[in-house]
Amino acid sequence: MPVNFLSEAERVRLSQFPRDIPEVDLIQYFRLTQDDLNLIQRQRRNFNRLGFAVQLCALRYLGYCPDDLQQTPPEILAFIAKQLDASVKVEDWSHYGKRSQTRTEHFQQVQDHLGFRSLKPKDFRNIEKWLMERALEHDKTFLLFELVAQKLHREKLVRPGVSVVERWVGTARHQATEATYKLARPLLRTHHRKFLDRLLEKDSDLNQTPLHWLRLSAVSNTPSEILNGIKKVEFLRTQRIHQWDVSKFNPNRLKLLARIAKKSGNHALQRSPPEKRYPTMIAFAHQSLIEATDESADLFIRCLGDIYSKAQRDLRDFRQHEAVAINEKVMILKQLGQVVLDPEIQDPKVRPDIFERIPRQQLELAIEDCERLARPLKDESYDFFAQRYSYIRQFAPAFLRTFRFRSNHADEPLLKAIELLRQLNETSEREVPESAPLGFVGTAWKPFITNAAGQIQRRYYELCVLWTLRQALRSGNIWIEGSRRYADPRTYLIPKPKWQEIQAETYSMLALPEKGIRQLKDLGIQLDEELEKFSITVQGNANVRIEEERLVISPLEATEDSDSLKTLKSLVNQCLPRIDLTDLLMEVDCLTHFSDALVHSGGNQSRSDQTRIHLYASILSQACNLGPTAMARVADLSYDSLLWHTTWYLDETTLPNANTILVNAHHRLPLAQSWGGGTLSSSDGQRFPVAVKNAKAVPLPRYFGYGKGVTFYTWISDQFSQYGNKVIPSTQRDAPFVLDGIGDNETELSILEHTTDTAGFTEVVFAIFDLLGLRFSPRLSDLASQQLYRLKSKPLDPTLKPLFKGRINRKLIQENWDDMVRVVGSIKRGWASASLFMSKLQSFSEPNRLFEAFQEYGRLVKTIFILRYLNSEDYQRRIKTQLNKGESMHSLRRFILIARQGQLRRHHQEELANQSGCLTLVTNAIVFWNTVYIQAALDFLKQEGFEVKPEDIPHLSPCRCEHVNPYGKMRFDIAQTINMKGLRPLRPLKNLKN
């Protein structure tokens, strides 16, 4: 395993000051105290005083001093110089550091002043040991680099050079892998080895190897697929896989080894050394049991959901079909009511008069028909649901028999009902006893559970148990032993013993106080500041006003492009060369070398031009939705070879790494900086129909008509680059997933603020963002109706008081503060994804207290955001502009995904994830190419005498595709691309008028 993983550009970046330093950091770390100033004044000459101060602030801020101090950002120099003697000027800076001994002496004084010290041999050993333990928890190189840098800073140890830390991380990952292999040895008894070897041999019953069978995921939500998943679970449990003690293994490392086994063929695994093969196979078997359990539960939930959707459609059809009959009964009821309510008709005459108007036989038939048409007041179509009882029975008994369900609530009636159904299934009894638990039965189910005689109906009782179980699994109130996705929510948190060890370290990592009251005090100051501004806003801003004690917000007026901007856009469009998509991808690779990250999953590093050609073709076959068969035909390549490269080179590890290279390369382009600093991002979902069976595809008539589809969820920076993507069901709300891409971000983008539309917003999202040190700035469609909250009883302006009806429960936050930080720390340290946490947060032990504490904290942060948003029109436009960038990126992605009318044809979830990754990669390649050539066009226009106004440049966009040709024969002429000198010529302009 290589110990060097950073590019040269990344080493330079990690050795210097960040490109953008927030104002709050300037104030916190670069503000000089009186003790600082006294020490600085002892230095001779102005440039030495300035240099000494820069080194002092750098060590306090970074934990090290940058190699090249002359690259110090101007805002830092200006901020520090302003605090020194008036004679010290920024212009003096260029004279500092010419004598290296002076700088070294200064840095030693700075260390002594701040209490820092250089590393000693004992420190090296301790850090290496500590880092190896972290590497057993995480395999992400940049996260490990960040963790060790934070530890050094926290313990006031001067961080050594980047290459030293890089070697630490690489060595720690290698040692963690070796330690993992050693941990597997106690499990390798003779019968275990025999079973693992049997996984690689063809099974006559399966007609394939168990390895191949276990790694195939389901493609639909049918009973046969559910039973197949259950069969996998039973097969693995027969070997007591669930009893193998893998508690000493880190879950992330087990996943890594299991992924290698999934990718490897039988022969490759059989050829690998036993000391590596068996640990890999142990991880695969263990992970397969978890995945089969999760998949079975997923299919169970989705299958019942599909059946219920069909039942609702049946109810709608029934109502539509019986509309005439219902109308006839209403007319009869109207006539009947007129007779009964007529005061002139005496009581003895009522019945004869009714029969005179409505014949007795007609009334009897109508009443009989009413019994057929009558529906429960709370009609949930459960009778139509029950019509598919025999279909559900194909898998329900096996599902209940195979899995063990648990709850954190004592005396859970649903668990008792599940046990009762197990007994009835085993004994083939049909009658449900009168003593059956009913505490879980909801109001809508009650009319169906018992018949007219008061007896419990087996069909409806069983369906009620299954439907309630489905809801409980989704919420986390019921969990499954051996599952990951449907596990006890408490297991997603850092275990309490472990939490006691790393509690102080986590608080420091998150820059949070140990007491919640201090955090609330800081937020209270922010709230008061925004309230003062808001009082002025509502008085002087016609777009934000209070009418009849309600907030009224006028929409932002659209800004039209200036004449100069329109002309500039037109000229740039004319300049951009026309190019085939194949040539564009190769050219971008020559400039960025992103394909270097597309390595063989088995570790084979041999490359050739033919390898790269097949990689380009494999990427485009997925991004353009062609598939390997069509791509092999249009590119004159071997189908088998193309499929082999797709399988071994493109996966959930290599594609993000290649995309990171592209995003970083784009981030360094000067023109990209004019669109944003890489600190703001947004996320949104893009829905695509799926034309084949896929377990993740769901029906959503608004977007897919009668078909099904999925959502490709993407994270986009303010520089138009996509730094993350994920495939999610189209029926799920965006909010739980918003943080996933930011947490997994390993690019050079320093995301500090994030925006979404309303679908990505909840108050809990506000809370977790803030506790992670990030700012959440969504565009809320119902902003005026959002509840605003006060933190304390400070008198409010009478005009504002009606808006602030809520009061933050400070005590609730303070009492749950440590648990809240434990949750956020668990997300930060990678114990579980943010989306998994947020979907289960309401189901933690004592859920109401912890969930409500997050909600309460989020309401406070939300209120501050809303006030900040309303106080600044520039802030509103900034958010709108970022979301518009996301929309333009969606248009570009649809342009790329041209084949098969945009209908995806991937059966398995891993294939969809890889297709999404390829689409993101090609989209970023186009954005990068466009950015390079827009810059070339601007330079050309300036040379030709056209005045390019600086204020127009940020309004240009690299999300353009009219000059890119994705059609036709796909040829990959690498030699021609490599030999191309400079950029390709721009197109000649027809008219150039300044």
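Residues numbered from 1 in each chain as written. Predicted model: local features only at pLDDT ≥ 70, side-chain atom pairs only at ≥ 80, totals over all residues. Heavy atoms only, no water.

Q: Give me the packing of helix α29 (residues 609–623) against helix α31 (residues 639–649): which residues, what numbers.
A: Where α29 contacts α31, the two axes come as close as 9 Å, and the packing angle between them is 80 degrees. It follows that α29 is roughly perpendicular to α31 by the angle criterion. Note on element contacts: α31 touches α29 through S641, L642, H645, T646 and Y649, opposite T611, H614, L615, A617, S618 and Q622. Residue composition of the contact of α29 with α31, grouped by class: 4 nonpolar, 7 polar and no charged. (Axes fitted to C-alpha atoms, helices over the stretch in contact; angles between N-to-C directions. Helix = DSSP H or I, 4+ residues; strand = E, 2+ residues; numbered from the N terminus. Parallel < 35°, antiparallel > 145°, perpendicular 65-115°, else oblique. Contact = heavy atoms within 4.5 Å. Nonpolar A, V, L, I, M, F, W, Y, C, P; charged D, E, K, R; others polar.)

Q: An account of the packing of aromatic side chains is needed here, citing residue identities and associated values.
A: Two numbers describe a pair of aromatic rings. These are the distance of the centres and the angle of the planes. Counting across every chain of the model gives 37 aromatic pairs. On the numbers, 6.2 Å between centres and 40 degrees between planes, the contact of Y308 with Y382 is tilted. One end of the pair, Y308, is in helix α15 (residues 274–321); the other, Y382, is in helix α19 (residues 382–386), and 74 residues separate them in sequence. Each member of the pair, Y308 together with Y382, is buried. Here the aromatic rings of F766 and F776 are separated by 4.9 Å at their centres, their planes lie at 70 degrees, and the arrangement is edge-to-face. Separated by 10 residues along the polypeptide, F766 in helix α36 (residues 763–771) and F776 in strand β11 (residues 775–776) bring together distant segments of the chain. Neither F766 nor F776 differs from the other in exposure class; each is buried. Taken together, Y308, Y382, F385, W445, F448, Y460 and W467 form an aromatic cluster joined through their ring pairs. For the cation-ring pair, R159 lies above Y64, with the distance from its terminal atom to the ring centre recorded as 3.8 Å. (Phe/Tyr/Trp six-rings, centres within 6.5 Å; stacked < 30°, edge-to-face > 60°. Buried < 20%, exposed > 50% of the residue type's maximum accessible area, 1.4 Å probe, protein only. Lys NZ or Arg CZ within 6 Å of the ring centre and 35° of its normal.)

Q: Can you explain α31? Please cite residues and give values.
A: Every buried residue belonging to α31 is among L642, H645, T646, W648 and Y649, and all of these are buried. Of the residues that open α31, the one with a side-chain oxygen 3.4 Å from the backbone nitrogen of D640 is S638. (Polar contact = N/O pair within 3.5 Å; in protein donor to acceptor, adjacent residues only side chain to side chain.)

Q: Which residues make up the pairing of strand β6 (residues 680–690), and what values do they have?
A: Burial analysis of β6 places 9 of its 11 residues in the buried class, the great majority of the element. In this sheet, strand β10 (residues 753–755) lies alongside β6 in parallel orientation, the contact comprising 3 bridges. Counted as the bridge partner of L680 is E753 from β10. (Pairing = 2+ DSSP bridges.)

Q: I'd like a rundown of the side chain of K862, residues and numbers included.
A: Here K862 shows up in helix α40 (residues 847–871). The exposure class assigned to K862 is buried, which follows from its relative accessible area of 1%. When sequence neighbours within four positions are dropped, the list of residues in contact with K862 reads F761, E763, F766, Q786, Q787 and Y789.

Q: Can you break down the environment of Q101 residue by residue, with the values?
A: Mapped onto the elements, Q101 comes out in helix α6 (residues 100–114). Put simply, Q101 and G830 are 729 residues apart on the chain and 43 Å apart in space, counted from C-alpha to C-alpha.

Q: Give me the side chain of R60: which residues, what numbers.
A: Mapping R60 onto the fold places it in helix α4 (residues 46–62). With sequence-adjacent residues up to four places away left out, R60 is seen in contact with Y29, R31, L32, D36, L114 and H153.

Q: Could you give an account of helix α38 (residues 817–828), with specific residues and numbers?
A: Helical geometry: 3.6 residues make up each α-helical turn, so side chains three or four residues apart lie on a common side. The first and last C-alpha atoms of α38 sit 16 Å apart over 12 residues, in line with the 16 Å expected at 1.5 Å per residue. Counting buried positions along α38 yields 9 of 12 residues, so the element is predominantly enclosed. Within the span of α38, buried status applies to W817, M820, V821, R822, V823, V824, G825, S826 and I827. (Expected span 1.5 Å × (residues − 1).)

Q: Residue-level account of the nonpolar core, with values.
A: For soluble globular proteins, the rule of thumb is that nonpolar side chains tend to be buried together. In this structure, F385, F405, W445, Y461 and L469 are the most contacted members of the largest nonpolar core, which totals 87 residues. Element by element, the count of residues in this core is highest for α15, at 19 residues. Residues within four places of F385 in sequence aside, it is in contact with L304, I307, Y308, A311, I392, W445, L463 and W467. (Core = buried A, V, L, I, M, F, W, Y, C linked by side-chain atoms within 4.5 Å.)

So far we have only geometry, and geometry alone does not tell us how the molecule works.
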